[in-house]
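Below, each chain spelled out in residue letters.
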Amino acid sequence: MSTHKHFIIDFDSTFTKVEALDELCTICIPDPARRQKVLAEIQRITDLGMEGEIPLVDSLEQRLALLQANREHIDTLIEHLRGQISDSFKQNRAFFEAFKDDIYIISNGFREFIVPIVRELGVKPENVFANSFVYDEAGNIVGFDRQNVLTQNQGKAQQIKALQLPGEVYVIGDGYTDYEIKEAGIADKFYAFTENVSRDKVVGKADHVTPSLDEFLYVNRLPSALSYPKNRIKVLVLEGIHERAVNMFRQEGYQVETVAGALEEDELCARLHDVSILCIRSKTQVTAKALEHAPRLMAVGAFCIGTNQIDLRTCTERGVIVFNAPYSNTRSVVEMAIGEIIMLSRGLVEKSNRMHVGEWDKSAKGSNEIRGKKLGIIGYGNIGSQLSVLAESLGMEVYFYDVVDKLALGNAKVCHSLAELLALADIITLHVDGRADNKNLIGPKEFELMKPGVLFLNLARGHVVDIEALAQNIKSGKIRGCAVDVFPYEPKNNQEKFESALRGLPNTLLSPHVGGSTEEAQENIAQYVPSKMIDYINTGGSYNSVNFPNLQLPALRNAHRLIHIHRNVPGILAKINNVLAENQINILGQYLKTNETIGYVITDVDTKYDRSVIKHLKQIPDTIKSRTLY
């Protein structure tokens, strides 16, 4: 037989996101300068009281004296507080409804504004225990009821003791006075609630830290709006990814750990055990070995275009979805290519270098316009095609070659072989992907086919060019100038020395893999990739993923969503539906897509069903992963 449970919940900074008396200050003091000064002092006194540094009665007395509030301000405060109920409380109305007889609000705040707010979630007024204001004839708040036990030190403990609650008593709060209930032996457990504020002294005393009400409900196996608390989703962010991504994950309620640089395989293995989301750029290699050390991994985000640094096959086999940013930095790369083409055509790299050592070389020799020149683009994807349009608008004659048939934009002309393009172009620029087949796509043979005095750019992948062959052709003068942004081996961080056969060569513009590294591009990527991963975690949506069948799903309303990832073998959908039928579960909607490796089934069902069905779904042969969304 289960023990009866009672739930004691604090109000300020727990039930609501704010301290009510702080909010009252903003209402009753119209002058901004005075308001800011008073508010800072009130917050200081509040913190001292919450951390147990000053007696509670002194904290109340000092704050009310500073406020000089009136009864007429209370209605305005109530309206404001209605919009400040903690998010995890609002989304768990079902908990408040199911346990309304056993939920108590015990607060050192004031009933006048607490009762109207907690009633929003169904808390009974008779289960609210708080202080009361004292008014003068003009309605000014001049004090509080000093006979109330909650004005005294240890007042919460005394109040709960007087209730004589049978069974277990759980306390949820953010302040030291909430811990005192447990310290006095009145409560069985104290949960430090940190969704709105975290106080070190309080957290250190807690039986459990609960960043949201979902966490409290989860650990106590109580009905929750979420199948899994968001604070238990750990995100590992590597390689200095833009702060916007970090903020998006934190705002979602996830735990986030950041590392400035890339990690070697063994380091990555050591960190992945409890990680749900991994965020990388181009330097971190997500290998099969690393994935074996990541039992909880659900998603990998490549905050760049390429994904050749990720073992996509193993990710797919393990049910780990991968997202990248195929469009977010396209413009940045294109602008850099245009700028480098102009700089190399004018010989500006060499002229600048000479001026830095005092040489004045004013001459038109080796300096050319790009207008009328033949630009050869190898790889006509998102970047190559956009470069084609901009280059043509600058007066260039554009040719392109791609292994896949692509529609020419503007007046660009397709070449039917790589050799054809290499032989006619004045300027050659690479924009191919990182597939293994492209290794040394440009080597000695290809350089031999090029025109004498050609300009050469590689802003694609380091391994697609034979660097030694490129260096030899620069030294011989066959290549008049080159710009390289990517290299077969790149330093793991900014402290490692860069070594290359291209260093010190004439009219050679080297950059540290920054083609897409503009603030605009990085911010776009930091918005796009997290939004895709968060949508996958929250709804199961896989649209625009690299390795999963793409499903764009409707919002989940009044249903539970059963997600099933399995090997693409015949009969799995039938087995899923047999399990649901055997458990008399009504299907509200079902979505299925497959690729050559896996099948991805989403089933929306009525919310009332035997939860053992989830275990049965996981036991279907060839299941890779299965989870439920509420």
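Q: Any details on the overall build of the protein chain? Residues and values, ideally.
A: Counting its secondary structure elements, the protein chain contains 25 helices and 24 strands. Relative to the globule expectation of 25 Å for 630 residues, the C-alpha radius of gyration of the protein chain, 32 Å, shows a markedly less compact shape. Dimensions along the principal axes, computed over C-alpha positions, put the protein chain at roughly 95 × 70 × 45 Å. The buried share of the protein chain, taken over its 630 residues, is 52%. Across the protein chain, the fraction of contacts at a sequence separation of at least 24, relative to all contacts at a separation of at least 6, is 63%.

Q: Tell me about the state of the cysteines, residues and numbers included.
A: Applying the stated criterion across every chain yields a total of 0 disulfides. Distance from the sulfur of Cys-25, which forms no disulfide, to the nearest cysteine sulfur (Cys-28) is 5.8 Å. For Cys-25, a relative accessible area of 0% gives the class buried. Of all cysteine sulfurs in the structure, the one in Cys-315 sits closest to Cys-269, which takes part in no disulfide; the separation is 13 Å. By relative accessible area, Cys-269 is classed as buried at 7%.

Q: If you had to explain the environment of Ile-233 to someone new, which residues and values would you point to?
A: For Ile-233, the location among the structural elements is in the loop between helix 12 (213–219) and strand 9 (234–237). For Ile-233 and Tyr-254, which are 21 residues apart along the polypeptide, the C-alpha to C-alpha distance reads 5.3 Å. When near neighbours in sequence (up to four residues on either side) are disregarded, Ile-233 contacts Tyr-228, Tyr-254, Gln-255, Ser-276, Ile-277 and Ile-537.

Q: Any chance you could break down the pattern of salt bridges for me, citing the residues and the numbers?
A: Overall, the coordinates contain 34 salt bridges when judged by the stated rule. In this structure, Glu-317 engages Arg-313 in a salt bridge whose closest nitrogen and oxygen atoms are separated by 3.8 Å. Remark: Arg-313 and Glu-317 occur in helix 16 (residues 312–317); sequence separation between them is 4 residues, near one turn of the helix. Look at Glu-317 and you get partly exposed, because its relative accessible area is 40%.

Q: Which residues make up the pairing of strand 6 (residues 168–173), and what values do they have?
A: Within strand 6, 5 of the 6 residues are buried, leaving the element largely enclosed by the surrounding structure. Here 5 bridges tie strand 1 (residues 5–9) to strand 6, and the two strands are oriented parallel to one another. Within strand 6, the position partnered with His-6 by the bridge is Val-169. You can see the chain leave strand 6, run along helix 10 (residues 176–183) and come back into strand 7 (residues 189–193), and the turn it takes is right-handed.

Q: If you had to explain helix 23 (residues 519–539) to someone new, which residues and values would you point to?
A: Here helix 23 is 21 residues long and its end C-alpha atoms lie 30 Å apart, about the 30 Å a rise of 1.5 Å per residue gives. Within the span of helix 23, buried status applies to Ala-521, Gln-522, Ile-525, Ala-526, Tyr-528, Val-529, Pro-530, Lys-532, Met-533, Ile-534, Tyr-536 and Ile-537.

Q: Describe helix 19 (residues 382–393), with residues and values.
A: With 12 residues, helix 19 extends 17 Å between its outermost C-alpha atoms, agreeing within 8% with the 16 Å of an ideal straight helix rising 1.5 Å per residue. Buried within helix 19 we find Ile-383, Gly-384, Ser-385, Leu-387, Ser-388, Leu-390 and Ala-391. Tucked into the core, helix 19 has its buried residues touching helix 17 (330–346), strand 14 (374–378), strand 15 (397–401) and strand 17 (427–430).

Q: Could you give an account of the sheet that holds strand 3 (residues 128–131), naming the residues involved and the relevant values?
A: The strand order across the open sheet built from 6 strands is 3-2-1-6-7-8, with neighbouring strands paired in parallel fashion. Whereas interior strands pair on both sides, the edge strands pair on one side only; in this sheet they are strand 3 and strand 8 (208–210). This sheet shows a mean twist of 20° between the axes of neighbouring strands, independent of strand direction. By the bridge criterion, 3 bridges tie strand 1 to strand 2 (residues 103–110) in an arrangement that is parallel. Within strand 2, the residue paired with Phe-7 across the bridge is Ile-103.

Q: Quick rundown of the sheet that holds strand 10 (residues 255–258)? Include the residues and the values.
A: Across the sheet, 5 strands lie side by side as 10-9-11-12-13; this open sheet has parallel pairing. If you trace the sheet from one side to the other, it starts and ends with strand 10 and strand 13 (321–323), each paired once. Direction aside, neighbouring strands of the sheet carry axes that sit 15° apart on average. Bridge analysis of strand 12 (residues 299–302) against strand 13 gives 3 bridges, and the strand direction is parallel. Its bridge partner lying in strand 13, Gly-301 is registered against Phe-323. Its contacts with the sheet put helix 13 (residues 243–251) on strand 9, strand 10 and strand 11 (277–280), and the angle it makes with strand 10 is roughly 155°.

Q: Residue-level account of the pairing of strand 5 (residues 141–144), with values.
A: Relative to strand 5, strand 4 (residues 133–135) runs antiparallel, the two being bridged by 3 bridges. The residue bridging Phe-133 from the neighbouring strand is Phe-144, located in strand 5. Connecting strand 4 to the antiparallel partner strand 5 that follows it, the hairpin turn spans 5 residues, and Gly-139 within it adopts a positive phi of roughly 85°.

Q: If you had to explain the side chain of Ser-107 to someone new, which residues and values would you point to?
A: Tracing the backbone shows Ser-107 in strand 2. Judged by relative accessible area, which is 1%, Ser-107 ranks as buried. In this structure the side chain of Ser-107 is engaged in a polar contact, spanning 2.7 Å, whose partner is the backbone nitrogen of Gly-109. In this structure Ser-107 touches Asp-10, Phe-11, Asp-12, Ile-114, Phe-129, Ala-130, Asn-131, Leu-150 and Lys-156, once residues within four positions along its chain are discounted.

Q: Can you lay out the environment of Ala-290 for me, pointing to particular residues and giving the numbers?
A: Its place among the elements puts Ala-290 in helix 15 (residues 288–292). Of the residues examined, Ala-290 reaches a relative accessible area of 0% and is grouped as buried. Placed 23 residues apart in sequence, Ala-290 and Glu-267 show a C-alpha to C-alpha distance of 9.2 Å. With sequence-adjacent residues up to four places away left out, Ala-290 is seen in contact with Leu-268, Cys-269 and Leu-272.

Q: Give me the packing of helix 3 (residues 32–50) against helix 4 (residues 56–67): which residues, what numbers.
A: Contact geometry for helix 3 and helix 4: axes closest at 9 Å, N-to-C directions at 170°. When the axis of helix 3 is compared with that of helix 4, the two are roughly antiparallel. Facing Arg-34, Val-38, Glu-41, Ile-42, Ile-45, Thr-46 and Gly-49 of helix 3, the residues of helix 4 in contact are Ser-59, Gln-62, Arg-63, Leu-66 and Leu-67. A breakdown of the residues in the contact of helix 3 with helix 4 according to their chemical character gives 5 nonpolar, 4 polar and 3 charged.

Q: Can you lay out the packing of aromatic side chains for me, pointing to particular residues and giving the numbers?
A: What the rule picks out here adds up to 28 aromatic pairs. Plain terms: the ring middles of Tyr-170 and Phe-216 are 6.2 Å apart, the flat faces sit at 85° to each other, and that makes the pair edge-to-face. In this pair, Tyr-170 sits in strand 6 while Phe-216 sits in helix 12, placing the two residues 46 residues apart along the sequence. As far as burial versus exposure is concerned, Tyr-170 and Phe-216 are alike and both buried. Plain terms: the ring middles of Tyr-191 and Phe-216 are 4.7 Å apart, the flat faces sit at 90° to each other, and that makes the pair edge-to-face. Remark: Phe-216 occurs in helix 12 and Tyr-191 occurs in strand 7; sequence separation between them is 25 residues. Its relative accessible area of 2% is what places Tyr-191 among the buried residues. Cation over ring: Lys-413 sits above Tyr-399, and NZ or CZ is 5.5 Å from the ring centre.

Reading guide: rules and limits
- All chains use their own residue numbering, which begins from 1 and follows the written sequence.
- This being a predicted model, a pLDDT of at least 70 is required before a residue's local features are given, and a value of 80 or more before pairs of side-chain atoms are given or counted; all residues contribute to the totals for chains, interfaces and linings.
- As a rule here, side-chain values cover all heavy atoms of the structure and leave hydrogens and water aside.
- Segments assigned H or I by DSSP are reported as helices when at least four residues long, segments assigned E as strands when at least two residues long, and all are numbered from the N terminus.
- Taken over C-alpha atoms, the radius of gyration is set against a globule rule of 2.2 Å times the number of residues to the power 0.38.
- Burial here depends on accessible area, computed with a 1.4 Å probe over protein chains only, as a share of the maximum for the residue type. Under 20% is buried, over 50% is exposed, and the range in between is partly exposed.
- Contact between two residues is taken to exist if any of their heavy atoms lie within 4.5 Å; hydrogens are not considered.
- Criterion for a disulfide: a pair of cysteine sulfur atoms within 2.5 Å.
- Here a salt bridge means any side-chain nitrogen of Lys or Arg lying within 4 Å of a carboxyl oxygen belonging to Asp or Glu.
- Strands qualify as paired when DSSP identifies two bridges or more between them.
- We call a crossover right-handed when, viewed with both strands directed away from the observer, the connection leading from the first strand over the helix to the second proceeds clockwise.
- Multiply 1.5 Å by the residue count of a helix minus one, and that product is the helix's expected span.
- A fitted line through C-alpha atoms serves as each axis, taken over the contacting stretch for helices, and the angle formed by two N-to-C directions is quoted from 0 to 180°.
- What qualifies as a polar contact is a pair of N or O atoms within 3.5 Å, subject to a donor-acceptor requirement within protein and to the restriction that residues adjacent in sequence count only when both atoms come from side chains.
- Any angle that is under 35 degrees is reported as roughly parallel, and any over 145 degrees as roughly antiparallel; angles of 65 to 115 degrees are reported as roughly perpendicular and all others as oblique.
- Side-chain classes are defined by residue name, with Ala, Val, Leu, Ile, Met, Phe, Trp, Tyr, Cys and Pro counting as nonpolar, Asp, Glu, Lys and Arg as charged, and the others, Gly among them, as polar.
- Centre distance within 6.5 Å is the pairing criterion for rings of Phe, Tyr and Trp, where only the six-membered ring of Trp is used; planes under 30 degrees apart are then read as stacked, over 60 as edge-to-face, and the remainder as tilted.
- Throughout this description, the term charge over a ring refers to an Arg CZ or Lys NZ atom that lies within 6 Å of the ring centre and within 35 degrees of the ring normal.

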